[in-house]
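Observations on the model geometry
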Amino acid sequence: MHSRTLLTHSVWMKLPVNSGAYRRWLTDRGSLTRRLQSLCEDFRVRTGGHRFVRLQSDEARLLRLSCGQHALLREVELICDGNAAVYACSVLPRRSLKGEWRELGRLGDKPLGMTLFMNPRVMRTQMEFKKLSRQHALCRRAVRHLDAKPRAVWARRSIFRLRRAAIMVTEVFLPSVLSLSEHE
């Protein structure tokens, strides 16, 4: 089965049940970028990939688009003091790369979150949560650069909307993010 299919054809929860220490990270509706920047001395974004892909059925449903349409898939790691804290992938449909969001396809190593949270007209849908096992394709992609591979990681996803434009953002919280909580 193709790894993109494994990313999306699974049940996501409305609440992060039994998420333990990850719960505060998962349920925070504020800017993840801003939170990470406040907890580390050296924050940066490492771009992992930028390519156009066909939308999977649940991505299309969440974005209110037809299945099979193309969208830009952007993968990044949010690095805090040299450690990957969060792996994020964003699905940006072609029509969302126009108008006010036309620059989103060319962010490079700039955080997407800063752009989304700077505009008070951007609305965020309810978040969904999933504990990803080592076998899940999204988990494998998220931890591929880690020396010690965790047995599981937690992820959340939501849709950001601005008028007719919509972007799906999925964030996978890596084990090093838990050590940052000690500084709060």
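Please refer to the structure higher up on the page.
Residues numbered from 1 in each chain as written. Predicted model: local features only at pLDDT ≥ 70, side-chain atom pairs only at ≥ 80, totals over all residues. Heavy atoms only, no water.

Let us now look at the environment of A84. The residue A84 is located in strand 3 (residues 83–93) in this model. Given the relative accessible area of 9%, A84 is considered buried. Note: C-alpha distance between A84 and Q126 (42 residues apart in sequence) is 26 Å. Those residues within four positions of A84 in sequence are excluded, and the remaining contacts are R46, E77, L78, I79, L146, L174 and S176. (Helix = DSSP H or I, 4+ residues; strand = E, 2+ residues; numbered from the N terminus. Buried < 20%, exposed > 50% of the residue type's maximum accessible area, 1.4 Å probe, protein only. Contact = heavy atoms within 4.5 Å.)

The next point concerns the side chain of R157. Structurally, R157 can be placed in strand 6 (residues 152–162). Here R157 falls in the buried class, since its relative accessible area comes to 4%. Of the polar contacts made by the side chain of R157, one reaches the side chain of D58; its length is 3.0 Å. Contacts of R157, omitting those with residues within four sequence positions, involve W12, D58, L62, Q126, M127, E128, M168, V169 and T170. (Polar contact = N/O pair within 3.5 Å; in protein donor to acceptor, adjacent residues only side chain to side chain.)

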